[in-house]
There are 2 protein chains.
Amino acid sequence: MYEERIKRSGLQSRITSAADAATHLRDGMIVASSGFTKAGDSKAVLKAFAAIAQDSPRKITLITGASLGHGTDGMLASAHALHKRSPFQVDPILRNSINNGEVLFNDQHLGESAELIHENILQPDIAIIEALMIEEDGSIVPTTSVGNTVAFATAAKKIIVEINISVPLTLHGVHDIFSAGIWPNRQIIPITNAGTRIGRTSIPIDPEKIIAIVITETTDSPAAINERDDKTRAIAGHLLQFFEHEVKKGRLTHQLRPLQSGIGKVANAVLEGFTEGSFHHLTMYSEVLQDSTFNLIDAGKMDFASASSITVSQDCYQRLMRNLEKYKPNIVLRPQDISNAAEVIRRLGVISINTAIEFDIYGNVNSTHIAGTRMMNGIGGSNDFARNAYLSIFVTQASSKAGAISHVVPMASHIDNSEHDVDIVVTDFGLADLRGLAPRERANVIISNCADPAYKEELKDYFLAACKKGGHTPHLLQEALSWHQRMEQQGSMKKENILQDI
Amino acid sequence: MYEERIKRSGLQSRITSAADAATHLRDGMIVASSGFTKAGDSKAVLKAFAAIAQDSPRKITLITGASLGHGTDGMLASAHALHKRSPFQVDPILRNSINNGEVLFNDQHLGESAELIHENILQPDIAIIEALMIEEDGSIVPTTSVGNTVAFATAAKKIIVEINISVPLTLHGVHDIFSAGIWPNRQIIPITNAGTRIGRTSIPIDPEKIIAIVITETTDSPAAINERDDKTRAIAGHLLQFFEHEVKKGRLTHQLRPLQSGIGKVANAVLEGFTEGSFHHLTMYSEVLQDSTFNLIDAGKMDFASASSITVSQDCYQRLMRNLEKYKPNIVLRPQDISNAAEVIRRLGVISINTAIEFDIYGNVNSTHIAGTRMMNGIGGSNDFARNAYLSIFVTQASSKAGAISHVVPMASHIDNSEHDVDIVVTDFGLADLRGLAPRERANVIISNCADPAYKEELKDYFLAACKKGGHTPHLLQEALSWHQRMEQQGSMKKENILQDI
Ligand SMILES: CC(C)(COP(=O)(O)OP(=O)(O)OC[C@H]1O[C@@H](n2cnc3c(N)ncnc32)[C@H](O)[C@@H]1OP(=O)(O)O)[C@@H](O)C(=O)NCCC(=O)NCCS
Ligand SMILES: CC(C)(COP(=O)(O)OP(=O)(O)OC[C@H]1O[C@@H](n2cnc3c(N)ncnc32)[C@H](O)[C@@H]1OP(=O)(O)O)[C@@H](O)C(=O)NCCC(=O)NCCS
């Protein structure tokens, strides 16, 4: 059985159930699993482990590419089966366990998250890898993501493979597997445009390490469909106008430069905006291929898209899987240390668009912590791109929760992307081009262009009072975080609420 | 005259005085000048311009490689001759003008500071370049630094050359001039070890752009000699012990990996420490060659050192210039977008050691702002290296000013190098290895290993109280910056001072 999925002879006998495979995961182990933005993740073994741990307590350290789907992180957290988790997650239950201190979370740059493994600081005991198939030489063809799987497969002592028979074999060939090697013999990553292929189509492993093979047929968790609303439309509009302006100035052409875009409704709205605009021959050098990627390819607007995973809606998934031969010349999936490599992002001059939780009047961006303390998801790849992009853009709504939260604040309560790495900030009210500006100039343009009018006066007052005190980056330390304190105390950043209370 | 310094025929007639050349600098111009860590800077024209501006007010935007020597920045600031300055400075007078808001300062990553120029956001009207000589083809051989001069020479409409005849012609050949080109046609930077040469020995320019040549014979401002004291010795000791430990663990060899070290007494003490230890065949891939570099070469401990400038004491300068032929096979000077290139730093696996103003209990580093507001020098190359290094190390004294300042604080008042980019922090009390740790784990090890005992209990209390409140990165927002507020109000972070006052 499964001859076309398991070509290596002798491995068929290792087929077993998820429950059985999960018994290899012992208390205290470091487990590495495939999975990146809910794509190509473990569908069976991690859940089976959660079920075991529910009855008989045990904890693992779990390292993945990025987020998992299907509530797997939540099940593990509910079963108290996680000691530590890295490098990223998006699960509400796990988030809660992280914030109450039960689960330790090592929030890492996605492009560098394999390094603790390469550096031999963390050695995975077991890797769980979702595969399309195993080749004759034992090498593994991944499914809808590559993530950190190359590093995991190389470093882990034992490997459990989940063969997902729901993914069509026509996906074979979409991957470009390359490893720059380890220090001190790291190689050049010879990618010179989004479409350069530099590697092979499967991940070489020692087949003797495969201790179990589990057959699954669950498809990836679909991406949420984010309909464009007035705010996301407005943000996208400001950005498209800015790109047109840059074309007029001669700094960009209508081809722009390779695009990276984080997941989310704003990023999606911006990319969808290109379907209508005058931009063409676009390319992506990003982490994730989304619905908008395939819409742009269909519209003849996008020539090529490179990423580490495919995370799309159910409809788009069907369309893609049915038409793989059509899309394959236009897409490639790479390991996340290649999709997010500083070297390549800088060389290609990527235009990077990510979402901020908040940014401050000087352009420092908080991507991770609500009120400086509570983890949302993690930094993800945002700084891999922002730090190295030609244009580093951050977007957010100016305010939310009926105006109770201003996403433009006097001082960011946590900083993931510092003033030095942020070129452009955009809200539904407008765009601020910070390139070449000193902090006092930045504050002026951010407050006037980006803040919600309901918060503008107070931001201005803060800035002026701080300027009176002086300093290159004027701040009033006793007030700098007061908006977040108000939010904590009364559920709103609005000053009036205090006055009403008094 | 100066035939061996000005080989291009026809250029001799452009020799003029500094005062005369300085008249080309007009009010409102963008002026780019060579100079990196006080080396290879303009010795005459910028000062002559300051003198003119003193009498007849005019202001320029001044962009350099990094810091200038000889009080040039101070003279320009005193003459109110600066509108804006970037990307780095270390001058006390200029610092004051920046902090009182008179001079705008764009604090930039040194490795990326040429990008606004490449991107055509800033176009220098005039470049001032200190040169060893001008070749027959008109190309310019720089002196003791390369800095941003390649970008400046390419982009500026006009060029003023300062030929410094005090620098021996034997320096010729030490430079490796390479440009990766501009987007969308950026090239691979094919450096695979610290010593790889990839370019030519002079900077190609259009000789028609040379509007004036000024002859100077002032040597670079010497580096301050920082004698090792007990604290720097202690920090260096912790680090050397850590390196030995990593060798024992098999993660490093006694050759280590290419070293980068910021300027300053601690960095110097660490490098000097290698003279005695069991480390050998060391290399540097850094920004600046310092006294310790040449001492290590002399001691047979260092094989090769790559940087963008040479900034050494007067004694070391004499020794170097007298023995250039001996040292030349062991050193190279590169443009700062190559010495600080993310691509190369990651590929080589650099071990980076920089000094922090302060770091917090979660490992966020402030490199630039005193009390979150007042600029010290700038981020410099610290994050070019920290973001991409194999090991990113930050050092600082645990406390200073007779204990009035703790450099380990609850929350950093400004963040330049975020938790994601910091592997190891060290003070005179000890070292914290943060790799793979979650914030709560980091706080424990930083507080116990690095804090001054005088501040330890209060840090612990803060952390415990914050943990009770919860969050992935526990903080009490109303207290997080209170240490800096105490410092502002009473000149000390010590709590007792408040109690005494009450
Ligand atoms: C920043 C990020 C969380 C925004 O995602 P998003 O889906 O657009 O976020 P939303 O605006 O819906 O906000 C998420 C939640 O946080 C809340 N929130 C955001 N900012 C807040 C603030 N300052 N105070 C309190 N709550 C806040 C929102 O209200 C929302 O809560 P809800 O779900 O109860 O409505 C997300 O982009 C992210 O995780 N980024 C970091 C990783 C990254 O950038 N990856 C890109 C490369 S993959
Ligand atoms: C961080 C940096 C300023 C430290 O340099 P240093 O010479 O070791 O600094 P010192 O410890 O002597 O401190 C400099 C001054 O700031 C003061 N200072 C430092 N931290 C302070 C704090 N938290 N509160 C108040 N003052 C502080 C010191 O007391 C000292 O003042 P003094 O000159 O009046 O004595 C310097 O390394 C730097 O500019 N780094 C950023 C750039 C960089 O890292 N480059 C590396 C690649 S080139």
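Residues numbered from 1 in each chain as written. Chains lettered and ligands numbered in written order. Predicted model: local features only at pLDDT ≥ 70, side-chain atom pairs only at ≥ 80, totals over all residues. Heavy atoms only, no water.

Trainee: I tried to follow the pairing of strand β5 (residues 126-134) of chain A on my own but got confused; where do I start?
Mentor: A regular strand places its side chains on the two faces of the sheet in alternate fashion. All names here are of chain A. Across the nine residues of β5, nine count as buried, placing the element largely inside the fold. Where strand β1 (residues 30-33) meets β5, three bridges bridge the pair, whose relative direction is parallel. Considered in β5, the bridge of Ala32 is made with Ala127. Where β5 meets strand β7 (residues 158-164), five bridges bridge the pair, whose relative direction is parallel. The partner of Ile128 across the bridge, within β7, is Ile160. As paired strands, β5 and strand β6 (residues 140-142) are joined by three bridges and run antiparallel to one another. For Ile134, the partnering residue across the bridge sits in β6 and is Ile140. (Buried < 20%, exposed > 50% of the residue type's maximum accessible area, 1.4 Å probe, protein only. Helix = DSSP H or I, 4+ residues; strand = E, 2+ residues; numbered from the N terminus. Pairing = 2+ DSSP bridges.)

Trainee: Would you mind going over the site of ligand 2 with me for this structure?
Mentor: Residues and elements named next belong to chain B. Close contacts around ligand 2 come from 21 residues, with Glu287, Asn354, Asn377, Lys401 and His407 the closest. Within the side chain of Asn377, one N or O atom sits 2.6 Å away from an oxygen atom of ligand 2. The separation between an oxygen atom of ligand 2 and a polar side-chain atom of Lys401 is 3.0 Å. Protein contacts shield 74% of the accessible area of ligand 2, which totals 960 Å² for the unbound molecule. (Near = heavy atom within 4 Å. Polar contact = N/O pair within 3.5 Å; in protein donor to acceptor, adjacent residues only side chain to side chain. Areas by Shrake-Rupley, 256 points an atom, 1.4 Å probe, with all protein chains shown as cover.)

Trainee: Sorry, what's going on with the UniProt feature "domain: Acetyl-CoA hydrolase/transferase N-terminal" (unreviewed entry) in chain A here?
Mentor: Under the present numbering, the feature "domain: Acetyl-CoA hydrolase/transferase N-terminal" (unreviewed entry) in UniProt falls on residues 15-214 of chain A. As a span, residues 15-214 of chain A carries 21% helix and 20% strand, and end to end its C-alpha atoms are 6 Å apart. (UniProt positions renumbered as here; feature names shortened; annotations may be inferred.)

Trainee: Would you mind showing me how to read the environment of Phe294 of chain A here?
Mentor: One can find Phe294 of chain A in helix α9 (residues 291-298). Ignoring anything within four residues of it in the chain, the contact list for Phe294 of chain A reads Leu289, Ile310, Val312, Cys316, Arg319, Leu320, Tyr327 and Ile331 of chain A. (Contact = heavy atoms within 4.5 Å.)

Trainee: What exactly am I supposed to notice about helix α7 (residues 230-248) of chain B here?
Mentor: In an α-helix there are 3.6 residues to a turn, and that puts residues three or four apart on one side. All names here are of chain B. Between its terminal C-alpha atoms α7 stretches 27 Å, which fits the 27 Å expected from 19 residues at 1.5 Å a residue. Three or more residues of α7 are buried, namely Thr232, Ile235, Ala236, Leu239, Leu240, Phe242, Phe243, Glu246 and Val247. Considered in projection along α7, the buried side chains sweep an arc of 155° and stay on one side of the axis. In α7, the exposed positions angled more than 90 degrees off the buried face are occupied by Asp230, Gln241 and Lys248. Close packing links the buried residues of α7 with α8 (265-276), β15 (351-355), β20 (391-395), β24 (424-427) and β25 (430-433). (Expected span 1.5 Å × (residues − 1). Arc of directions from axis to C-beta.)

Trainee: What's the story with the domain arrangement of chain A in this structure? I'm lost.
Mentor: Accessible area lost when the parts come together is the quantity often used to give the size of an interface. Residue and element names in this part refer to chain A. Domain annotation of chain A identifies domain 1 (11-216) and domain 2 (230-490). In this assembly, 47 residues from domain 1 lie in contact with 43 residues from domain 2. Looking at the side of domain 1 facing domain 2, the largest losses of area belong to Val174, Ile189 and Ala194, adding up to 17% of the total buried there. Between Arg334 and Asp176 there is a salt bridge whose closest N-O contact spans 3.1 Å. (Domains from an automatic or database assignment. Buried area = accessible area lost by both parts, 1.4 Å probe. Salt bridge = Lys/Arg side-chain N within 4 Å of Asp/Glu carboxyl O.)

Trainee: Before we go on, may I ask you to explain the relation of the copies chain A and chain B in this structure?
Mentor: Copies of the same chain, two in number, are related to each other by a rotation about an axis and a translation along it. The operation relating chain A to chain B is a screw motion whose rotation component is 180°, with 0.0 Å of axial translation and a residual RMSD of 0.0 Å. The transformation relating the two chain copies, once decomposed into turn and shift, fits a two-fold axis. Distance from the rotation axis, computed per C-alpha, reaches its smallest value in chain A at Glu343 of chain A: 2.1 Å. Both copies present the same face, since 100% of the interface residues in chain A are matched by interface residues at the equivalent positions in chain B. (Least-squares fit on C-alpha atoms with pLDDT ≥ 70 in both.)

Trainee: What exactly am I supposed to notice about helix α16 (residues 453-469) of chain A here?
Mentor: All names here are of chain A. Given a rise of 1.5 Å per residue, 17 residues ought to cover 24 Å, and the 25 Å separating the end C-alpha atoms of α16 matches this to within 8%. Its side-chain oxygen at 2.8 Å from the backbone nitrogen of Ala454, Asp452 defines the N-terminal cap of α16. Two residues or fewer after α16 comes Gly470, characterised by a positive phi angle close to 100°.

Trainee: Explanation requested: the UniProt feature "active site" (unreviewed entry) in chain A in the structure shown.
Mentor: Residue and element names in this part refer to chain A. Per the UniProt annotation, the sites labelled "active site" (unreviewed entry) are Glu287. Position of Glu287 among the secondary structure elements: in the loop between β10 (282-285) and β11 (288-289). On the basis of relative accessible area, Glu287 is assigned to the buried category, the value being 9%.

Trainee: Just to check I follow, could you spell out the site of ligand 1 for this structure?
Mentor: Residue and element names in this part refer to chain A. The immediate surroundings of ligand 1 are formed by 21 residues, with Glu287, Asn354, Asn377, Gly378 and Lys401 found nearest. Asn377 is positioned such that a nitrogen or oxygen atom in its side chain is 2.7 Å from an oxygen atom of ligand 1. Within the side chain of Lys401, one N or O atom sits 3.0 Å away from an oxygen atom of ligand 1. When ligand 1 is considered free in solution it has 960 Å² of accessible area, and contact with the protein chains removes 74% of it. Considered class by class, the residues forming the shell around ligand 1 number seven nonpolar, 11 polar and three charged. (Nonpolar A, V, L, I, M, F, W, Y, C, P; charged D, E, K, R; others polar.)

Trainee: Looking at this structure, I do not really get the interface of chain A and chain B. What am I missing?
Mentor: At the junction of the two partners, chain A supplies 73 residues and chain B supplies 73 residues. Among the residues chain A hides against chain B, the three largest losses belong to Arg387, His472 and Leu477 of chain A. Together they make up 12% of the total. Viewed at the interface, chain B and chain A are joined by 16 salt bridges. On inspection of chain A and its partner chain B, the count reaches 45 residue pairs in polar contact (both at pLDDT 80 or more). Breaking the side of chain A that touches chain B down by element, the ones donating at least two residues are α4 (92-99), β4 (104-105), α5 (115-118), α13 (342-348), β19 (374-375), α14 (382-386), α15 (439-450) and α17 (482-490) of chain A. For the side of chain A that touches chain B, the element with the most residues is α13 of chain A, which contributes five residues. Its residues assigned to classes, the side of chain A that touches chain B shows 22 nonpolar, 28 polar and 23 charged.

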